[in-house]
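# Topology and contacts: notes
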Amino acid sequence: MLGRTANGLFWMFRYLERAENTARLLDAGLRMALTRDLVTAEEEWRSVIATSGQRAGYEAKHGTYTGMQAWNHILRDKDNPSSILAMFGLVRQNARLARNAISGELWEAINENWLVMKDQLARPVGENRVLDIVATIRRAGTLAHGAMAGSMLRDEGYHFARAGTFLERADSIARILDIKYYLLLPSLSYVGSSLDTGQWDQVLRSVSGDRAFRWLNAGQIDARGICEFLILDDRFPRSLAFCHSALRETLTALARLHGHEGQSNALMRDSDTHLTGLTIEEVFDQGLHEFLVEFVSTNSAIANAIADDYRFLS
């Protein structure tokens, strides 16, 4: 497979995952802000902007954190290269680069949703339209992943797409958990204490894990349990353990197709083995922030190694 095609597939699904995760975060933030007074609602939007990694760009343009400003910045601001509209434009651009390696169904899912999204975000978004637009973005991700799973050969292209998906998903979950943990639990001495369960519910909602967590934990919400669920529970498809296990499988498949392993396989094997043998007590003994920073660094190193192993740009 040509490097530019592999690169297109890899980044197409990284940007798709990033856009979808940002939409989930926006959805959770909006639902929380609607239940708060004005001052607390501003803090909610500050948290959403910070978690999405867009604080510097936002504060360069705005002096306050109102909902209207925040969600329009995240969704459509032309000066924001990390807006969902900009990211989905990159999804479509990379899909065009890899057009010969993806199925017609996948291209249609991307192109048709891009046209819908572009129309929806052509003008400022009012409160009555935010959830509809978030639903469009989430549906676009669901349709794209479904089209890939149901219509693409299990060849190099499929595995590069999965590699991009799980790398980005792991990075997003780690960053959300790190920032939210610091906002909600500034000291590890408070682990397990009685805090605002609504805020922790937002953490779960932002990764679409609220129903699964409640089902497994009889409706109980606590910081330690949520951290264990999002880091170590390999039954949940957005946990760090699940993402790196799936990534290890797809890199093994790529190595088999190419007839040799690269540095990415060695790094991936070490990371997956480390997570598999870890307990949540060991995570907290190390320090949750320190653990997550180390995880994000390892995840980035794996991404760079994939680019080097298969000779395309990261």
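The structure reproduced in this document is the subject of the present report.

Procedures and definitions
- Residues numbered from 1 in each chain as written.
- Predicted model: local features only at pLDDT ≥ 70, side-chain atom pairs only at ≥ 80, totals over all residues.
- Heavy atoms only, no water.
- Helix = DSSP H or I, 4+ residues; strand = E, 2+ residues; numbered from the N terminus.
- Rg over C-alpha atoms; globule rule 2.2 N^0.38 Å.
- Buried < 20%, exposed > 50% of the residue type's maximum accessible area, 1.4 Å probe, protein only.
- Contact = heavy atoms within 4.5 Å.
- Lys, Arg positive; Asp, Glu negative; His and termini not counted.
- Charge placed at Lys NZ, Arg CZ, Asp CG, Glu CD.
- Axes fitted to C-alpha atoms, helices over the stretch in contact; angles between N-to-C directions.
- Parallel < 35°, antiparallel > 145°, perpendicular 65-115°, else oblique.
- Left-handed = near helix turned anticlockwise from the far one by under 90°.
- Nonpolar A, V, L, I, M, F, W, Y, C, P; charged D, E, K, R; others polar.
- Patch = residues over 30% accessible without salt bridge, like charges linked within 9 Å, V, L, I, M, F, W, Y side chains within 5 Å.
- Areas by Shrake-Rupley, 256 points an atom, 1.4 Å probe, with all protein chains shown as cover.
- Salt bridge = Lys/Arg side-chain N within 4 Å of Asp/Glu carboxyl O.
- Core = buried A, V, L, I, M, F, W, Y, C linked by side-chain atoms within 4.5 Å.
- Disulfide = S-S within 2.5 Å.
- Phe/Tyr/Trp six-rings, centres within 6.5 Å; stacked < 30°, edge-to-face > 60°.
- Lys NZ or Arg CZ within 6 Å of the ring centre and 35° of its normal.

### As for the overall build of the chain
Looking only at helices and strands, the chain has 15 helices and zero strands in total. Taking 314 residues into account, the globule formula puts the C-alpha radius of gyration at 20 Å, and the chain, at 19 Å, falls close to it. Projected onto its principal axes, the C-alpha positions of the chain cover 55 × 50 × 35 Å. Considering the chain as a whole, with its 314 residues, one finds that 56% of them fall into the buried category. Long-range contacts, defined here as pairs at least 24 residues apart, represent 67% of the contacts in the chain between residues at least 6 apart. Positive and negative side-chain charges in the chain, numbering 34 and 39 respectively, have mean positions lying 7 Å apart.

### A short note on the side chain of His 159
Looking at the element boundaries, His 159 is found in helix H8 (residues 156-184). A relative accessible area of 11% means that His 159 is categorised as buried. Each residue touching His 159, except ones within four places of it in the same chain, is listed here: Arg 154, Thr 250, Ala 253, Leu 254 and Leu 257.

### Considering the packing of helix H13 (residues 263-276) against helix H15 (residues 288-309)
To describe two helices that pack against each other, one gives the angle between their axes and the distance between the axes. Where H13 meets H15, the closest approach of the two axes is 8 Å, and the angle between their N-to-C directions is 155°. Comparing the axis directions of H13 and H15 gives the class roughly antiparallel. Relative to H15, the crossing made by H13 is left-handed. Taking contact as the criterion, the partners of Gln 263, Ser 264, Asn 265, Leu 267, Met 268, Ser 271, His 274 and Leu 275 in H13 are, on H15, Phe 291, Glu 294, Phe 295, Thr 298, Ala 301, Ile 302, Ala 305, Ile 306 and Asp 309. A per-class count over the contact of H13 with H15 returns nine nonpolar, six polar and two charged.

### Structural notes on a negative patch on the surface
Among the surface-exposed residues, Glu 228, Glu 281, Glu 282 and Asp 285 lie close enough to one another that they form a single negatively charged patch. Looking at the negative patch element by element, the count peaks at three residues for helix H14 (residues 280-286). On the secondary structure map, Glu 282 appears in helix H14. Taking relative accessible area as the criterion, Glu 282 reaches 39% and is therefore assigned partly exposed.

### Description of the pattern of salt bridges
A side chain of one charge can pair with a side chain of the opposite charge if their charged atoms are brought near each other. Under the criterion given, the structure shown has 16 salt bridges. One salt bridge in this structure joins Arg 18 and Glu 168, with 2.9 Å as the shortest N-O distance. On the criterion of sequence distance, the pair formed by Arg 18 in helix H1 (residues 3-33) and Glu 168 in helix H8 is long-range, its members being 150 residues apart. Residue Glu 168 is classed as buried on the basis of its relative accessible area of 2%. Measuring nitrogen to oxygen at the nearest pair gives 4.0 Å for the salt bridge that ties Asp 210 to Arg 205. Each of Glu 17, Glu 20, Arg 24, Arg 169 and Arg 238 takes part in a single network of salt bridges with overlapping partners.

### Points about the nonpolar core
If you look at the biggest cluster of nonpolar residues, it comprises 94 residues, and the most contacted ones within it are Trp 45, Leu 75, Ile 84, Leu 106 and Ile 231. Looking at this core, the element that brings in the most residues is H1, giving 14 residues. In this structure, Ile 231 is in contact with Leu 177, Ser 239, Leu 240, Ala 241, Leu 275, Ile 280, Val 283, Leu 288 and Phe 291, ignoring residues within four places of it in sequence.

### As for unusual backbone geometry
Of note in this structure, Ser 208 is not a glycine but carries a positive phi near 55°. Taking relative accessible area as the criterion, Ser 208 reaches 26% and is therefore assigned partly exposed.

### Here we look at the state of the cysteines
Applying the stated rule across the entire model yields zero disulfides. You can see Cys 227 has no disulfide; the closest cysteine sulfur is in Cys 243, sitting 16 Å from it. Judged by its relative accessible area of 0%, Cys 227 falls in the buried class.

### Things to note about the packing of aromatic side chains
For any pair of aromatic rings, the description consists of the separation of the ring centres together with the inter-plane angle of the planes. Evaluated as defined, the whole model comprises eight aromatic pairs. Relative to Tyr 310, the ring of Phe 160 has its centre 5.2 Å away and its plane inclined at 85°; by these criteria the two rings are edge-to-face. Taken together, the residues span a long stretch of sequence, with Phe 160 in helix H8 and Tyr 310 in the segment after H15 at a distance of 150 residues. In this structure Tyr 310 comes out as buried when scored by relative accessible area, which is 10%. Taken together, a centroid distance of 6.2 Å and an interplanar angle of 50° make the contact between Phe 166 and Phe 242 tilted. Of this pair, Phe 166 sits in helix H8 while Phe 242 is found in helix H12 (residues 240-258), placing the two residues 76 residues apart along the sequence. Residue classification places Phe 166 among the buried residues on the basis of a relative accessible area of 7%. Exposure remark for Phe 242: the relative accessible area of 25% places this residue in the partly exposed category. Here the aromatic cluster, defined as three or more aromatic residues joined through ring pairs, consists of Phe 10, Trp 11 and Tyr 15. Over the aromatic face of Tyr 158 sits the side chain of Arg 154, whose NZ or CZ is 4.2 Å from the ring centroid.

Everything listed is a geometric property; what it means functionally is a separate question.
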